Amino acid sequence: MQEHPSHYKNSKNTANAKPSDIIYDDQVRLSFFYPKSELEIESVGIVDNIVNIYAHGSLEYGICPYCGTKSYKVHSHYIRHVFDLPILGKSSVLHLRMRKFFCMNPECKYRTFAEQPGIEIFRYRRRTRRCEIVRRSIFTSLIISDYSF
């Protein structure tokens, strides 16, 4: 057990403070929700009942998925829009500013590659892994209930 359970709070008088007055040292990162992600939140906004989360890669480099070479040389940027599970009854969309890198390995047959946001968001997919799992389980349960007598 921790010696001081509220060590992460940065407030001098928390007994009389309102919840909005308490400042936390920890920066909000998507790794709180997705343990294996290398993403950092830029901003969050709610528009038309949709929670929009804007994020970018937190690593300074990219690793080529084809040969495993680390690269710091950025080729370009692009935006990925990935749907996630609802947050407090509102739809949620991750807007990821991803980078493309030059592969520095002369033997690699691919000259550029896109950074990967971790294991929670698969390549070429438009939904997070957990969103796909929930969707698949709902779809499977609907099919099974249609055939049960």
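Attention here is on the structure that accompanies the text. Starting afresh in each chain, residues are numbered from 1 along the sequence in its written order. For this predicted model, a pLDDT threshold of at least 70 governs which residues receive local features, and a threshold of 80 or more governs which side-chain atom pairs are given and counted, while totals over whole chains, interfaces and linings are taken from all residues. Based on all heavy atoms of the structure, the side-chain values leave hydrogens and waters out of the count.

Focus on the nonpolar core
Argument step 1. In this description, a nonpolar core means a group of buried Ala, Val, Leu, Ile, Met, Phe, Trp, Tyr and Cys residues linked to one another through side-chain atoms lying within 4.5 Å. Partly exposed residues are those whose accessible area sits between 20% and 50% of the maximum for their type, while under 20% is buried and over 50% is exposed, using a 1.4 Å probe and protein chains only. Ranked by size, the top nonpolar core spans 10 residues in total: L39, I41, V51, I53, A55, V82, L94, L96, M98 and I121.
Argument step 2. Of all the elements in the fold, those that place two or more residues in this core are β1 (39-47), β2 (50-57) and β6 (90-102).
Argument step 3. We call two residues in contact when some of their heavy atoms are within 4.5 Å. Apart from residues lying up to four places away in sequence, V51 is in contact with V44, G45, I46, I87, K90, S91, S92 and V93. Runs of H or I in DSSP of at least four residues are treated as helices and runs of E of at least two as strands, each being numbered from the N terminus.

Points about the packing of aromatic side chains
Argument step 1. To pair, rings of Phe, Tyr and Trp, with the six-membered ring standing in for Trp, must have centres within 6.5 Å; the planes then decide the type, stacked if under 30 degrees apart, edge-to-face if over 60, and tilted in the middle. Applying the stated rule across the entire model yields three aromatic pairs.
Argument step 2. Measuring from ring centre to ring centre gives 5.7 Å for Y61 and Y72, while their planes differ by 65°; the resulting arrangement is edge-to-face. Here Y72 lies in the loop between β4 (70-71) and β5 (74-87) and Y61 lies in the loop between β2 and β3 (62-63), a separation of 11 residues in the sequence.
Argument step 3. Here the aromatic rings of F101 and F113 are separated by 5.7 Å at their centres, their planes lie at 20°, and the arrangement is stacked. Residue F101 is found in strand β6, and its partner F113 is found in strand β7 (residues 112-114); the two are separated by 12 residues along the sequence.

Describing the pairing of β1
Argument step 1. When β1 meets β2, the two strands line up antiparallel, connected through eight bridges. Bridged to V47 within β2 is I50.
Argument step 2. Only strands joined by at least two bridges in the DSSP assignment are considered to pair. Count of turn residues in the β1/β2 antiparallel hairpin: two residues, of which D48 carries a positive phi of about 50°.

Some details on the pattern of salt bridges
Argument step 1. Any Lys or Arg side-chain nitrogen located within 4 Å of an Asp or Glu carboxyl oxygen qualifies as a salt bridge. With the rule as written, the count across this model stands at four salt bridges.
Argument step 2. Here R97 ties to E42 by a salt bridge, and the two come within 2.6 Å at their closest N and O atoms. Taken as a pair, R97 in strand β6 and E42 in strand β1 lie far apart in primary sequence, 55 residues in all.
Argument step 3. Residue classification places R97 among the partly exposed residues on the basis of a relative accessible area of 34%.
Argument step 4. Looking at E42, the relative accessible area reads 41%, which means it is partly exposed.
Argument step 5. The salt bridge partner of E132 is R125, with a shortest N-O separation of 2.9 Å.
Argument step 6. You can call E132 buried: its relative accessible area is 12%.
Argument step 7. By relative accessible area, which is 35% here, R125 ends up partly exposed.

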